[in-house]
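Okay, here's what each chain looks like letter by letter:
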Amino acid sequence: QAQLVESGGGLVQAGGSLRLSCAASEGTFNRYTMGWFRQDPGKEREFVAGITWLGGSIYYSDSVKGRFTISRDIFKNTAYLQMNSLRPEDTAVYYCAASKFIRVSTAAKEYDYWGQGTPVTVSS
């Protein structure tokens, strides 16, 4: 069964940067739309960014637009989230997800596969 594995989370000071990676441990997610979500305890999972298979469509939430960049390498079967100018409010567990839809959806329910999450903590 196809699985996603995130990495790259950690502790960083406000204003710093992190790069998250999402790799397929089994199977391939080529032809899938990939998304990044984040979740704080007690809150709903929030859409952060999404990218279609060949990168033709990319969407960001307003809260990260201009600071985060999503990309993917279809040859490495890996998606990335470059996070710059991090803020304390960006602190959350970050999840990558894969959707069979051909378009980017901001709804978590439309994603079919999920990683286990990687924590990001931004200190002030």
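Structural data are supplied above this passage.
As the structure is a prediction and not an experimental result, all values here were calculated from the model.

Novice: Just checking my understanding: could you explain the nonpolar core for this structure?
Specialist: Soluble globular proteins tend to bury their nonpolar side chains together. By size, the foremost hydrophobic cluster in this structure holds 26 residues, and its most contacted members are Met34, Trp36, Val48, Phe68, Leu81, Met83 and Tyr94. Every element with two or more residues in this core is listed here: β3 (18-26), β4 (33-39), β5 (46-51), β7 (68-73), β8 (78-83), β9 (92-99) and β11 (118-123). Residues Phe37, Phe47, Ala97 and Val104 belong to the second largest nonpolar core, which totals five residues.

Novice: Could you clarify how one ought to interpret empty space enclosed by the protein in this entry?
Specialist: Rolled over the atoms, a probe sized like a water molecule indicates the empty space that remains. In this structure the tally under the stated criterion is one cavity of 30 Å³ or more. If you add up the space inside the largest cavity, you get close to 70 Å³. Of all the secondary structure elements, the ones that give two or more residues to the lining of the largest cavity are β3, β7 and β8. Sort the elements by how many residues they give to the lining of the largest cavity and β3 lands first, with three residues. When grouped by side-chain class, the residues that make up the lining of the largest cavity number eight nonpolar, three polar and two charged.

Novice: Any chance you could explain the pairing of β7 here in plain terms?
Specialist: Looking down a regular strand, the side chains alternate between one sheet face and the other. Of the two faces of β7, only one is covered, namely that formed by Phe68, Ile70 and Arg72; the face formed by Thr69, Ser71 and Asp73 stays uncovered. Strand direction decides the pairing type here: β7 and β8, joined by six bridges, are antiparallel. Within β8, the position partnered with arginine 72 by the bridge is alanine 79. In this structure, the hairpin formed by β7 and β8 is closed by a connection of four residues, where asparagine 77 is found at a positive phi of approximately 55 degrees.

The rules behind each value
- Residues numbered from 1 in each chain as written.
- Predicted model: local features only at pLDDT ≥ 70, side-chain atom pairs only at ≥ 80, totals over all residues.
- Heavy atoms only, no water.
- Core = buried A, V, L, I, M, F, W, Y, C linked by side-chain atoms within 4.5 Å.
- Buried < 20%, exposed > 50% of the residue type's maximum accessible area, 1.4 Å probe, protein only.
- Helix = DSSP H or I, 4+ residues; strand = E, 2+ residues; numbered from the N terminus.
- 1 Å grid on protein atoms, 1.4 Å probe; cavity = no way out; pocket = protein on both sides within 12 Å on 5 of 7 lines; lining within 4 Å.
- Points joined across faces, edges and corners; volume = space filled by probe spheres on them.
- Nonpolar A, V, L, I, M, F, W, Y, C, P; charged D, E, K, R; others polar.
- Pairing = 2+ DSSP bridges.

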